[in-house]
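# Summary of structural features
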Amino acid sequence: MQNQLKIYNTLTGEKEVFQSILENQVGMYVCGPTVYSDVHLGNCRTFISFDMIYRYLLHLGYKVRYVRNITDAGHLENDADEGEDKISKKARLESLEPMEIVQKYTTGFHEIMAKFNALPPSIEPTATGHIIEQIEIVQEIINKGLAYESNGSVYFDVETYNQENDYGTLSKRKIEDLISGTRDLDGQSEKRSPLDFALWKKASPSHIMRWPSPWSLGFPGWHLECTAMSHKYLGAQFDIHGGGMDLKFPHHECEIAQAKSFTGTNPVNYWMHTNMLTLNGKKMSKSTGNNLLPDELFSGDTTLLEKGFHPMVARFFMMQAHYRSELDFSFEALTASEKGFHKLMQGVKDLELLSTKEASTEDVDGLISSFYAAMNDDFNTPVLIAQLFEAVTIINKVKDGKSSLSKDDLNNLKSTMNALVFDVLGLNYIDVSDDSKLSSAMEIILELRKNARENKNWEISDLIRDKLNEAGIAVKDGKDGTSWSVNS
RNA sequence: GGUCCUGUGGCCGAGUGGCUAGGCAGUGGUCUGCAAAACCAUCUACAGCGGUUCGAAUCCGCUCGGGACCUCCA
C-alpha cells in the first residue's frame, strides 16, 4: 500500500509514483514565511497543506526530515539598485530593531500554526543563521564562471547557465520569452542581462542588515537561503521541495539554477506547489491588503464574517479542497464546513461506543481501501473526507441497529479512522466543556429544568432554554436526557 | 502582450472516456410537549458551439468568462 503513493510533480507536470532516494526516508524542504508581518490565512493554507503531507508520509511509515525555513534576512523590495529590504523597512516604521521584528513575527507564526494543530518541522533554520554557507555558495558559483561581481554585488549569469542547462524547466518558460518580456526595465546597469538575479547585494548606507563578504558589506540575494539550507540539511539531492504556486517563478527556478551550478546535480526529485487561497476571487496578498488574518477568522472581528470560526473548522475547510486547487474563502463556505466538521467528529466519537455482532453487513475493508486510494492519489483529502462521511453513515446505521459490524471490522475501522482524522488530517475535537465550574452550574440548571418538564411546566423549561441560548449555550433534549454545548 | 491553470447542480467542492462523489442549503420522513439537534430518504450539474468516439463533464478545436506568474508575496 505504501508504494502506491503518487505525487503530482510540477517538474514533469504528471502524477508520479513516489520513490524516495533512501528507503523509508524522506527529505522535504518547504519555503517558510518571511517574518516582517503577520502571516495571513493564505500563507497558512500552504503550511497546513504541507503539514498534512508531512503527516501522511509519517503515517505511511517514512522517517521524514522536514525542513522549513524562516526568512529573516529580508528580501529586496525590488531589483533596482536602491532597494530596501522589507525587514529593515518595517523596523524603521515600528522603531524596532530588525531582529525584534523577526522575533515578534516568528513567535506569532508559531502560535498560529499551533492553533491550526500543525506539527513543527524537524528543522526550522533561519537565513541569518546561514550567511557563511550562502557566501560559500556564491564563491563556488563565481569559481565555476556562472556568476559575476558588479559594483560589490554578485549576480547569477542566467544566459551562460542556459547554454548547458535549461533555465525555466520548472515554470515551463523559455528564456527567449523571458527576455522579450523584460524589454522596458531600466536602472539595472549592474546586471549583464535583465534575467540575472542577485546572489549577493551590496548594502546601501541606509540598509541596516548587513554582513561582511569578499565582495562588499551586504546581504544575500533573495533565492540563495533556500539553496544553502536545503543543501546543508538535506544534501545535494533530496526528495520533495514545496511551496506556494507563486514561488514557482522566479524563486524556485532560481533555486534550481543556483543549486545545479553549485553541486552539479538537480537538487530536487519532486517539486510540489500548493494553490492559492483566494478572497473575493483574488489571491490573498500582503502587499495589496486583500487578506484575512487568522485571529480575525477565529474571533470574527472583521467585516467579512458574521461570526468567528474555530481553527479546526478552518483546517477542515481547507482539507475539503485539494491542495492544488484554488480555494475561495467565504462565510457561507466556512459555515457549511463547520456543520460538516461537527458531523464527522460526532461520527468518530460514536464509533467508540458501537457494539459488535458475529458478522458484518458492511464492506469495511473496501471502505478502508477507498481511504488510502484517495490519499495515495496525490493526497486527495476531499475524496478521503467524502469516504469518511460514508463511514459516518455506516456508523449511524450500526448505532440504529440497521447494520452490524464484526469485532475485527470495528477495530479496523476505529484504528484507521482515528489515524486518518487525527494523525493525518490533523483534526481535533473542539473541547468547549472543559470548564468544570460551568459544567457543575449547568448540571444544577438542567436538573431544575428537568423538574419543570416533568411537571409539564413548559413555560419555565422553555424560559431556561431560551435564556441560555441567548447567553450562547444551546440546550438539546434527546432521548437519553438533555445535552448542552457552548456555541462557537 | 507572453507562459500556465481553470469554468461542475442554490453555495462550496471531487471526479480525465461508460458505473451514486461528498458537505451545506432545500424537500419528505423518524424522533419530540414544543423547539433545536440528530438520523434516514431525496431533487437540482457538468460555460457555449463544433469535432473525435459505439459512448465525453472527462480527449481535440474555437468562442466567452475567471485566476496565477512574468516585480516582493504561501
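Residues numbered from 1 in each chain as written. Chains lettered and ligands numbered in written order. Predicted model: local features only at pLDDT ≥ 70, side-chain atom pairs only at ≥ 80, totals over all residues. Heavy atoms only, no water.

### Thoughts on the overall build of chain A
Within chain A, the secondary structure is distributed over 16 helices and 15 strands. Along the first, second and third principal axes, the C-alpha set of chain A runs to 90 × 55 × 35 Å. Counted over contacts in chain A with a minimum sequence separation of 6, partners at least 24 positions apart contribute 74%. Of the roughly 22,700 Å² of accessible surface on chain A, 48% is carried by carbon and sulfur atoms. With 50 positive and 69 negative side-chain charges, chain A shows a spacing of 4 Å between the two charge centroids. (Helix = DSSP H or I, 4+ residues; strand = E, 2+ residues; numbered from the N terminus. Contact = heavy atoms within 4.5 Å. Areas by Shrake-Rupley, 256 points an atom, 1.4 Å probe, with all protein chains shown as cover. Lys, Arg positive; Asp, Glu negative; His and termini not counted. Charge placed at Lys NZ, Arg CZ, Asp CG, Glu CD.)

### Concerning the confidence of the model for chain A
Looking at chain A, pLDDT values average 89 and 93% of them are 70 or higher. Between residues 76-82, whose pLDDT stays under 50, and residues either more than four places distant or in other chains, the model counts 20 contacts. The model gives residues 183-187 a pLDDT under 50, and that stretch makes two contacts with residues more than four places away or in other chains. (pLDDT = per-residue confidence, 0-100.)

### Considering the protein's contact with RNA strand B
With respect to spatial proximity, 59 residues lie near RNA strand B, and among them Trp222, Gly244, Leu247, Lys283 and Val383 are the closest. With respect to RNA strand B, the backbone of Met284 contributes an N or O atom lying 2.8 Å from a base nitrogen. Asp400 places a side-chain nitrogen or oxygen 3.3 Å from a sugar or linking oxygen of RNA strand B. The element best represented in the surface near RNA strand B is helix α13 (residues 381-399), accounting for seven residues. Looking at the surface near RNA strand B residue by residue, the class counts come to 18 nonpolar, 21 polar and 20 charged. (Near = heavy atom within 4 Å. Polar contact = N/O pair within 3.5 Å; in protein donor to acceptor, adjacent residues only side chain to side chain. Nonpolar A, V, L, I, M, F, W, Y, C, P; charged D, E, K, R; others polar.)

### Digging into the sheet that holds strand β11 (residues 277-279)
Across a sheet, paired strands are connected by hydrogen bonds in the backbone, their directions being either parallel or antiparallel. Reading across from one edge, β12-β11-β13 is the order of the three strands in this open sheet, with mixed pairing throughout. Among the strands making up the open sheet, the edge pair consists of β12 (282-283) and β13 (327-329). Pairing between β11 and β12: two bridges, direction antiparallel. Opposite Leu279, over in β12, you have Lys282 as the bridge partner. (Pairing = 2+ DSSP bridges.)

### Some words on helix α15 (residues 436-454)
The terminal C-alpha atoms of α15, which comprises 19 residues, lie 27 Å apart, in line with the 27 Å expected from a rise of 1.5 Å per residue. Among the residues making up α15, those that are buried are Met442, Leu446, Arg449 and Ala452. Axial view of α15: buried residues confined to an arc of 105 degrees, hence all on one face. Residues of α15 that are exposed and angled more than 90 degrees away from the buried face: Ser436, Lys437, Glu443, Ile444, Leu448 and Glu454. Its buried side turned inward, α15 meets α16 (458-470), β14 (473-478) and β15 (481-486). (Expected span 1.5 Å × (residues − 1). Buried < 20%, exposed > 50% of the residue type's maximum accessible area, 1.4 Å probe, protein only. Arc of directions from axis to C-beta.)

### Description of the packing of aromatic side chains
Aromatic ring pairs: the centre-centre distance and the angle between the two ring planes describe each pair. For the structure shown, the criterion picks out 16 aromatic pairs. Relative to Tyr270, the ring of Phe18 has its centre 5.0 Å away and its plane inclined at 55 degrees; by these criteria the two rings are tilted. On the criterion of sequence distance, the pair formed by Phe18 in the loop between β2 (14-17) and β3 (25-30) and Tyr270 in strand β10 (residues 268-274) is long-range, its members being 252 residues apart. Overall, Phe18 belongs to the buried group, its relative accessible area being 2%. Sitting over the ring of Phe309, Lys307 keeps its end group 4.5 Å from the ring centre. Over the aromatic face of Tyr8 sits the side chain of Arg324, whose NZ or CZ is 4.0 Å from the ring centroid. (Phe/Tyr/Trp six-rings, centres within 6.5 Å; stacked < 30°, edge-to-face > 60°. Lys NZ or Arg CZ within 6 Å of the ring centre and 35° of its normal.)

### Observations concerning the pattern of salt bridges
The full count for this structure, using the stated rule, is 17 salt bridges. A salt bridge links Arg55 to Asp51, with the shortest nitrogen-to-oxygen separation between them at 2.8 Å. One end of the pair is Arg55 and the other is Asp51, both in helix α1 (residues 41-59) and four residues apart, which spans about a single turn. Pair check on accessibility: Arg55 and Asp51 agree, each one buried. The salt bridge involving Glu140 is made with Lys144; its shortest N-O contact spans 3.6 Å. Given the relative accessible area of 28%, Glu140 is considered partly exposed. Residues participating in the shared-partner salt-bridge network are Arg449, Arg453, Asp462, Arg465 and Asp477. (Salt bridge = Lys/Arg side-chain N within 4 Å of Asp/Glu carboxyl O.)

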